[in-house]
Amino acid sequence: MSAADRPISALPLPDREDVPDGVRRLWDKSLEAFGFIPNVFVAQAYNAEQFQAWWNYFNLLVNKEGHLTNAERELLAVVVSGINQCVYCAVSHQAALRFYTGDPITADQVGVNWRQADLPEREATLAAYAEKLTLTPAQVTAEDLEPLRAVGLDDHQILEAVQVIGMFNMTNRVSTALAMVPNVEYHSQDRFTDVDLTSRP
């Protein structure tokens, strides 16, 4: 079975007439903006009210202007999703990280092992904190915030980082539990590069 033919969720999918107007508007807006409807918007809309509540917070936290840059928030999303091996979120947010950074190589590296991505100190510190909070939350203490302050993050940015990390740990688990499949469009988005790969061994 090809990737395009795989079911996008382990649970039933709602039909257009089964979802409220707000969900239909979101589907239509996505189709107009991206040319496709993200599979998560369909799979989670099976419980439409809960989906809308999740999306409102997710959209505010990840997509709207915030205290961190869009690239920093997507970096956290990719680090957490890669650690959790969440295929849907890792693939879709690597596409977003490529978009905001214009750097497909680093985005791919972050998705596998952020330590090999040669990140600037501020980004590496954010990634290290995201890794610890994801893998060993019971070992996290207030002292773990100090390296974030040392690289120039203020308290608003720190709180937002914590919220983004928490959001993706939750969303990863939902996506993985439902066996959600990322849209095929994500795999090719923003993969432009000025690096000459033709002579690579």
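In the block above lies the structure referred to throughout.
Residues numbered from 1 in each chain as written. Predicted model: local features only at pLDDT ≥ 70, side-chain atom pairs only at ≥ 80, totals over all residues. Heavy atoms only, no water.

**Q** Got a minute to help me understand the pattern of salt bridges in this structure?
**A** A side chain of one charge can pair with a side chain of the opposite charge when the charged atoms of the two come close. Applying the stated rule across the entire model yields eight salt bridges. Residue R149 pairs with E146 through a salt bridge whose shortest N-O separation is 2.7 Å. Remark: E146 and R149 occur in helix α8 (residues 146-150); sequence separation between them is three residues, near one turn of the helix. E146 gets classed as partly exposed once you look at its relative accessible area, which sits at 42%. Three or more residues are tied together by salt bridges with common partners; here these are E146, R149 and D155. (Salt bridge = Lys/Arg side-chain N within 4 Å of Asp/Glu carboxyl O. Helix = DSSP H or I, 4+ residues; strand = E, 2+ residues; numbered from the N terminus. Buried < 20%, exposed > 50% of the residue type's maximum accessible area, 1.4 Å probe, protein only.)

**Q** What exactly am I supposed to notice about the layout of surface pockets here?
**A** Any empty space left between the atoms is revealed when a probe the size of a water molecule rolls over them. Considering only enclosed or pocket space, the largest pocket measures out at about 790 Å³ in volume. Surrounding the largest pocket, 29 residues form its lining, F34, P38, F41, W55 and N63 being those nearest its centre. Here the lining of the largest pocket takes eight residues from helix α5 (residues 87-101), the largest share from any one element. Broken down by class, the residue content of the lining of the largest pocket amounts to 18 nonpolar, seven polar and four charged. Considered as a void within the structure, the second largest pocket measures approximately 170 Å³ in volume. (1 Å grid on protein atoms, 1.4 Å probe; cavity = no way out; pocket = protein on both sides within 12 Å on 5 of 7 lines; lining within 4 Å. Points joined across faces, edges and corners; volume = space filled by probe spheres on them. Nonpolar A, V, L, I, M, F, W, Y, C, P; charged D, E, K, R; others polar.)

**Q** What exactly am I supposed to notice about unusual backbone geometry here?
**A** Backbone geometry follows two general trends: most residues other than glycine have a negative phi, and most peptide bonds adopt the trans configuration. Its identity is not glycine, yet Q85 carries a phi of approximately 55°, on the positive side. Examined against the element boundaries, Q85 turns out to sit in the loop between α4 (70-83) and α5. In this model, D190 sits at a positive phi of 55°, which is unusual for a non-glycine residue. Its place among the elements puts D190 in the segment after α10 (185-188). Judged by its relative accessible area of 26%, D190 is partly exposed.

**Q** I would appreciate a short explanation of the nonpolar core in the present structure.
**A** With 54 residues, the main nonpolar core has F51, L76, V110 and F168 as its most contacted residues. Of all elements in the fold, only α1 (21-34), α2 (39-43), α3 (48-63), α4, α5, α6 (104-113), α7 (121-135) and α9 (155-177) reach the threshold of two or more residues within this core. With seven residues, α3 is the single largest residue contributor to this core. In contact with V110, other than residues within four places in its own chain, are L75, V78, V79, L97, A117 and L119. (Core = buried A, V, L, I, M, F, W, Y, C linked by side-chain atoms within 4.5 Å. Contact = heavy atoms within 4.5 Å.)

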